[in-house]
Amino acid sequence: MQARVVEWTDEAFETSADEFLALIEEAKEILYGEKEARAGSGLVRISPQTVKKIIVVGDIHGDMESLVHILEDIENLNADRIVFLGDYGDRGSESVEVYYVLLKLKASERREKIIMLRGNHEGPPDMPVMPHDLPFLFTEKYGARGKEVYKKLKELWEYLPYAVLVERRYLMLHGGLPANAASIEDIAFAHESHPASSNFEEILWSDPVEGKGDFYSMRGAGRMFGEDITEKVLSAVGVKVLIRSHEPCEGVEVRQRGKVLTLFSRKGSPYFNTRAAYLILDEDALREAKDAEELARSAARMW
Ligand SMILES: [Mn+2]
């Protein structure tokens, strides 16, 4: 794959609007098929007995250098799944190019291994992010046709899953746990209950807070969820740790006494983190659930 990452990276800067549109269409067809196979669910289930290695990548936010670093780093690891936790565009100047490489990956022969989750920057039209640079970056690159490419990409977001359950081990999603989720189905079909229920919004937008309860978030969307909420929801879905992204940190951050791991996989402006990280869940980490402390120590690869 390494040679292809280099090839895709070069292509990413030169590709035409028509080629980009064709790539989005191709990836959308694949994602549509996968969603149908999940009976419309936004949850990807992984049985830990069927895999030996899962790579987890946090926010990329337009940082092509970090994306290429990760893809080259994991080239020879032969991972069974690569889970991206969302937030691909915005913030970084190479957001358009990051999308190109990720969609190439999703359209490649390794497509079954690639899981791209929805972040709040890939949310539904009624949950906009501010600032949202992506449409302007497309216009900058493709002029008037940039709008068309961006519109097509927005359509693709609707087909992305937004949670991964590694059964009896880990739950992965972009933001946080919905405070009122009582079962895995509340998470799997959160998009269908939106906006009557706030589950979907909380999955994409929420952040953990130390202590108990759930509170209003300064983000203006999602909520702050405490350790008691985490305990309740993780126990309802039968896993030990929540692996999520959404907040800048020095690569990894352990929250709520090891129940939550925050992962951040990009560097550079407008954030101030000096390190970024991705996770390698190997056979050991898949055989039995580790807590976030142990994952941060043994599974994180920093740069
Ligand atoms: Mn986010």
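Rules used in this analysis
- Residues numbered from 1 in each chain as written.
- Predicted model: local features only at pLDDT ≥ 70, side-chain atom pairs only at ≥ 80, totals over all residues.
- Helix = DSSP H or I, 4+ residues; strand = E, 2+ residues; numbered from the N terminus.
- Expected span 1.5 Å × (residues − 1).
- Contact = placed C-beta atoms within 7 Å.
- Axes fitted to C-alpha atoms, helices over the stretch in contact; angles between N-to-C directions.
- Parallel < 35°, antiparallel > 145°, perpendicular 65-115°, else oblique.
- Left-handed = near helix turned anticlockwise from the far one by under 90°.
- Core = buried A, V, L, I, M, F, W, Y, C linked by C-beta atoms within 7 Å.
- Buried ≥ 20, exposed ≤ 12 C-beta atoms within 10 Å, placed from the backbone.
- Pairing = 2+ DSSP bridges.

**Q** I would appreciate a short explanation of helix H2 (residues 17-37) in the present structure.
**A** Spacing of three or four residues puts side chains on the same side of an α-helix, whose turn is 3.6 residues. Taking 1.5 Å of rise per residue, the 21 residues of H2 would be expected to cover 30 Å, and the 30 Å separating its terminal C-alpha atoms lies within 8% of that figure. Packed against the buried residues of H2 are helix H4 (95-106) and helix H6 (145-157). In the stretch just after H2, Ala 39 is the one whose phi turns positive, near 55 degrees.

**Q** Is there a simple way to explain the packing of helix H5 (residues 134-142) against H6 in this structure?
**A** Helices that pack against each other are described as a pair by the angle of their axes relative to one another and the distance between those axes. Running from amino to carboxyl end, H5 crosses H6 at an angle of 135 degrees, the nearest separation of the two axes being 7 Å. Between H5 and H6, the angle is such that the two are oblique. Where H5 crosses over H6, the two elements pack in a sense that is right-handed. Touching Leu 134, Pro 135, Phe 138, Thr 139, Lys 141 and Tyr 142 of H5 are Arg 145, Gly 146, Lys 147, Val 149 and Tyr 150, all from H6.

**Q** What is the right way to look at the nonpolar core in this model?
**A** Nonpolar side chains tend to gather and get buried jointly when the protein is soluble and globular. Counting residues in each nonpolar core, the largest one holds 93 residues, and the members touching the most others are Val 56, Val 57, Val 83, Leu 117, Ala 163, Leu 171 and Met 172. Ranked by residues supplied to this core, first place goes to H4 with eight residues.

**Q** It is not clear to me how the sheet that holds strand S4 (residues 114-116) should be interpreted in this structure. Could you clarify?
**A** Sheet strands pair via backbone hydrogen bonds, and the direction of the pair is either parallel or antiparallel. Spatially, five strands are ordered S4-S3-S2-S13-S14 in an open sheet, and the strand pairing comes out mixed. The sheet is open, and its two edges are formed by S4 and strand S14 (300-302), each paired on a single side. Neighbour-to-neighbour, the strand axes of this sheet turn through a mean angle of 20 degrees, independent of strand direction. Relative to S4, strand S3 (residues 81-84) runs parallel, the two sharing three bridges.

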